[in-house]
Amino acid sequence: MTYIGRFAPSPTGVLHAGSLVAALASFLDARVHGGRWLLRIEDVDEARTVPGSAQDIMQTLQLLGMQWDGEVVWQSQRKALYQQACERLGDHVFACACSRREIADSHTGLASDGAPIYPGTCRHGLPAGRAPRALRLRVPPTGDPAACIRFHDRWVGEVSQDLSTAVGDFVLRRADGYWSYQLAVVVDDAAQGVTHVVRGADLLDSTPRQIFLQQLLGLTTPSYLHVPAVTNARGEKLSKQTGAVAIDLGDTLQPLQRAAAFLGMATDEAASAAQFWRLAAQEWERRLRQREQGQ
Ligand code: GLU
């Protein structure tokens, strides 16, 4: 089997305990399948990019023994590809004049990621006198089978989401001109030939949007595995905003063992990096078998 996996961090801060769990899971999955493991720096949202953090993340991965295969891909250099994909979507895309406030004021409810669900204001044309701000993708109405996306997640099991009720017409190009994460990730996973996506469960909600885009663009849907996301004491996903700190690299074994333990893998016996990687590969396979058996 050809296996191409990837780790795709956003360079918005340091590699912390949460991103390490996603990196470790995708790295191990690629290694136990004899596959390639690519690194893509997701700096598509240039407004949030923190200078130096991509280099910091890369250095941390290397220090921990997670060396990627091939050249690093930077999303900020791939805007032409996102533009082409958007053009290929043709009539599925519409210009939207709504501000965040206007969408929030329409009280259509909140999507699972906390963003207000788009009320459909501009989907049949811009209201008179309004200028376009963002580009959105038209999602089929509730009840239309095309709106209901189902997939099998290798960790979580069966997942289904009605795009219309869960998210509504979603943004492809933002009002500030940046391409959205959803479009960029779909274009890049396909362009890099990614066959297996392994990432944190905070992105589980995004996967149906990505599968829908793949269907419209005629792209192959990769296999997905979402590992549990690490949260802080308040149950918030770890990020710079919620107080995540850089991994202490004084002892490189300990952060790896902690990340492995979070995923239910017993690697405490390992006394060296080589032993850790051997044990971790065995443990990853054991955890996957358990998940398949629904435990
Ligand atoms: N760039 C995303 C993040 O850092 C991950 C994207 C992905 O794995 O699909 O949260």
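Note that the structure is a prediction, hence the values are computed from the model and not measured.

Visitor: Talk me through the site of the ligand; I want residue IDs and the actual numbers.
Guide: Around the ligand sit R6, A8, P9, S10, E42, Y181, V185, R199 and L203, and that is every residue in its neighbourhood. Here an oxygen atom of the ligand and a side-chain polar atom of R6 are 2.7 Å apart. One of the side-chain nitrogen or oxygen atoms of Y181 is found 2.9 Å away from an oxygen atom of the ligand. Burial of the ligand by the protein amounts to 82% of the accessible area it has alone, namely 300 Å².

Visitor: Describe helix α7 (residues 207-217), with residues and values.
Guide: The element α7 is largely enclosed, with a buried count of 9 among its 11 residues. Listed as buried for α7 are T207, P208, R209, Q210, I211, F212, L213, Q214 and L217. The positive-phi residue at the C-terminal boundary of α7 is G218, with phi of around 70°.

Visitor: Can you tell me about the pattern of salt bridges, naming the residues and giving the values?
Guide: For the coordinates displayed, the defined rule picks out 13 salt bridges. Ionic pairing is found between R154 and D29, a salt bridge with its closest N-O pair at 2.8 Å. Pair noted here: R154 is in the loop between β6 (148-153) and β7 (157-162) and D29 is in helix α1 (residues 17-32), with a separation of 125 residues, a long-range link. You can call D29 buried: its relative accessible area is 0%. Between D188 and R40 there is a salt bridge, with the nearest N and O atoms lying 3.9 Å from each other. Of this pair, D188 sits in helix α6 (residues 181-191) while R40 is found in strand β2 (residues 36-41), placing the two residues 148 residues apart along the sequence. In this structure R40 comes out as buried when scored by relative accessible area, which is 0%.

Visitor: I'd love a proper account of unusual backbone geometry, names of residues and values included.
Guide: Despite not being glycine, H107 shows a phi value in the positive range, around 50°. Examined against the element boundaries, H107 turns out to sit in the loop between α4 (100-105) and β5 (134-137).

Visitor: So what about the sheet that holds strand β3 (residues 73-74)? Which residues, and what values?
Guide: Taking strand neighbours across the sheet as the criterion, the 3 strands line up as β1-β2-β3 in an open arrangement whose pairing is parallel. For this open sheet the edge positions go to β1 (4-7) and β3, each flanked by a neighbour on one side alone. Direction of pairing for β1 relative to β2: parallel, over a ladder of 4 bridges. When the bridges of β2 are listed, F7 appears paired with L39. On top of the sheet, helix α2 (residues 53-63) reaches β1, β2 and β3; it is set at about 160° to β2, its chief contact.

Quick notes on the rules
- Residues numbered from 1 in each chain as written.
- Predicted model: local features only at pLDDT ≥ 70, side-chain atom pairs only at ≥ 80, totals over all residues.
- Heavy atoms only, no water.
- Near = heavy atom within 4 Å.
- Polar contact = N/O pair within 3.5 Å; in protein donor to acceptor, adjacent residues only side chain to side chain.
- Areas by Shrake-Rupley, 256 points an atom, 1.4 Å probe, with all protein chains shown as cover.
- Buried < 20%, exposed > 50% of the residue type's maximum accessible area, 1.4 Å probe, protein only.
- Helix = DSSP H or I, 4+ residues; strand = E, 2+ residues; numbered from the N terminus.
- Salt bridge = Lys/Arg side-chain N within 4 Å of Asp/Glu carboxyl O.
- Pairing = 2+ DSSP bridges.
- Contact = heavy atoms within 4.5 Å.
- Axes fitted to C-alpha atoms, helices over the stretch in contact; angles between N-to-C directions.

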